[in-house]
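Close look at the chain arrangement
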Amino acid sequence: MISDEEMHRHAAKNLDRFDALFFGRVTYEMMEAVSELIRVRSLDRPIIVGHSLGGTLAVFFAATHPHEARSIIAVEGGYPVAPTLAARQQRVQASTAPYVGIDRRALGDALRTNMLQYVITGTADVDYVERFAARSDPVAIVEWMTDALLLDLTPYLQAVTVPLTAIVPFDSAMDGYQGFASATAKRSAYAAWIAQARMGSVIMIERSRDFVMFDQPATFDRALFATIDRDAQRR
């Protein structure tokens, strides 16, 4: 396993190396940090798993570093938050507003009020995640959300040459607000999107919100490890 400290150390080396024309600063830094870790740790084309914004990063990494990963598993990540740039900009503004200029001591409450209670079903799980999320840097949250939510990775999917699996949760109480009236509608939308990759597939887990590993842990583990076992056989 790679520690957070090691990831941050590698990311820090790339602070002044990015092309703002194509990538946001944070996105580029993290992709280069992952690439450097693969080299430094002598990893043989690892399977990369990312959740939410990490899933977006994982998909983008596969498109821009096509020979470095064996496969990608994106857990509720990568799919564009809106079909147009203008709509994505509106989503960014609404999503980041609660954290702009916030006192760090108030971050946990803000995350719970504006995000965590909507993406995790169980109150105890919300409490657990809040304790860790509250340690985050509000400035970094805004930068990372801005970078990732503005992206539409659809044009990049054809450049993904390794298996790309989207593990997609569905919750009838929440997904309607995201434009998905049913599990079938959400599966169809994700399937049409990921079909633009050469080896794309969708696994849907119902009765679960964004943090599917909390809401349906056993089902999620079976799906995740079955996909890892399948992809590990690739050479």
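Structure first, text after, so check above.
Now for a look at the structure at hand. What you see is a predicted model; the values in this text were computed from it and never measured.

What follows is about the packing of aromatic side chains. Enumeration according to the criterion identifies nine aromatic pairs in this entry. With a centroid separation of 4.3 Å and 20 degrees between ring planes, the pair formed by Tyr79 and Tyr190 is classed as stacked. You can see Tyr79 sitting in the loop between strand 2 (71-75) and helix 4 (85-96) and its partner Tyr190 sitting in helix 8 (residues 183-194), a full 111 residues away along the chain. For Tyr190, a relative accessible area of 5% translates into the label buried. Pairing Phe180 with Tyr190 gives two aromatic rings, centres 6.3 Å apart and planes at 50 degrees, and the pair type is tilted. With Phe180 in the loop between strand 3 (164-170) and helix 8 and Tyr190 in helix 8, the pair connects residues that are ten residues apart, well separated along the chain. As far as the burial class goes, Phe180 and Tyr190 line up, both buried. An aromatic cluster of three or more residues is present, and its members are Tyr79, Phe180, Tyr190 and Trp193.

This next bit is on the packing of helix 2 (residues 25-40) against helix 7 (residues 138-150). Put simply, helix 2 and helix 7 touch, their axes get as near as 7 Å, and they point 90 degrees apart. Comparing the axis directions of helix 2 and helix 7 gives the class roughly perpendicular. Packed against helix 2, whose contacting residues are Arg25, Val26 and Thr27, the element helix 7 presents Glu143, Trp144 and Asp147 at the interface. Looking at the contact of helix 2 with helix 7, its residues break down into two nonpolar, one polar and three charged.

What follows deals with the side chain of Thr56. On the secondary structure map, Thr56 appears in helix 3 (residues 53-64). A residue is classified by how much of its surface remains accessible, and Thr56, at 9% relative accessible area, is buried. With residues up to four places along the chain from it excluded, the contact list for Thr56 reads Gly77, Gly78, Ala148, Leu151 and Leu153.

Working definition: two side chains of opposite charge can pair if their charged atoms are close together. Going through the model one piece at a time under the given rule, you end up with eight salt bridges. Here Arg105 ties to Asp103 by a salt bridge, and the two come within 2.8 Å at their closest N and O atoms. Its relative accessible area of 77% is what places Arg105 among the exposed residues. Using a relative accessible area of 37% as the deciding quantity, one classes Asp103 as partly exposed.

What follows covers helix 4. A rise of 1.5 Å per residue sets the reference length of helix 4, with its twelve residues, at 16 Å; its end C-alpha atoms lie 16 Å apart and thus fit the reference within 8%. Of the positions making up helix 4, those classed as buried are Arg88, Val92 and Thr96. For helix 4, the arc enclosing every buried residue in end-on projection is 55 degrees, short of the 170-degree limit, so these residues lie on one face. Counted as exposed and oriented over 90 degrees from the buried face of helix 4: Gln90, Gln93 and Ala94. Its buried side turned inward, helix 4 meets helix 7.

Attention shifts here to helix 3. Between its first and last C-alpha, helix 3 extends 17 Å over twelve residues, near the 16 Å set by a 1.5 Å rise per residue. Structurally, helix 3 contributes buried residues whose contacts are with helix 2, strand 1 (47-51), strand 2, helix 7 and strand 3.

Mapped onto the fold, Glu130 is located in helix 6 (residues 123-133). Residue Glu130 is classed as buried on the basis of its relative accessible area, which comes to 16%. In sequence terms Glu130 and Leu111 are 19 residues apart; their C-alpha atoms lie 7.2 Å from each other. Not counting chain neighbours up to four residues away, the residues in contact with Glu130 comprise Gly108, Asp109, Arg112 and Leu116. Among the polar contacts listed, one links the side chain of Glu130 to the side chain of Arg112, at a separation of 2.7 Å.

For residues other than glycine, phi is negative in most cases, and the peptide bonds are mostly trans. The phi torsion at Ser52 lies on the positive side, around 60 degrees, for a residue other than glycine. Relative accessible area serves as the criterion here: at 23%, Ser52 is assigned to the partly exposed category. Of note, the phi angle at Arg207 is positive, near 55 degrees, even though the residue is not glycine. With respect to the secondary-structure elements, Arg207 resides in the loop between strand 4 (200-206) and helix 9 (212-215).

Rules behind the numbers
Residues numbered from 1 in each chain as written. Predicted model: local features only at pLDDT ≥ 70, side-chain atom pairs only at ≥ 80, totals over all residues. Heavy atoms only, no water. Phe/Tyr/Trp six-rings, centres within 6.5 Å; stacked < 30°, edge-to-face > 60°. Helix = DSSP H or I, 4+ residues; strand = E, 2+ residues; numbered from the N terminus. Buried < 20%, exposed > 50% of the residue type's maximum accessible area, 1.4 Å probe, protein only. Axes fitted to C-alpha atoms, helices over the stretch in contact; angles between N-to-C directions. Parallel < 35°, antiparallel > 145°, perpendicular 65-115°, else oblique. Contact = heavy atoms within 4.5 Å. Nonpolar A, V, L, I, M, F, W, Y, C, P; charged D, E, K, R; others polar. Salt bridge = Lys/Arg side-chain N within 4 Å of Asp/Glu carboxyl O. Expected span 1.5 Å × (residues − 1). Arc of directions from axis to C-beta. Polar contact = N/O pair within 3.5 Å; in protein donor to acceptor, adjacent residues only side chain to side chain.

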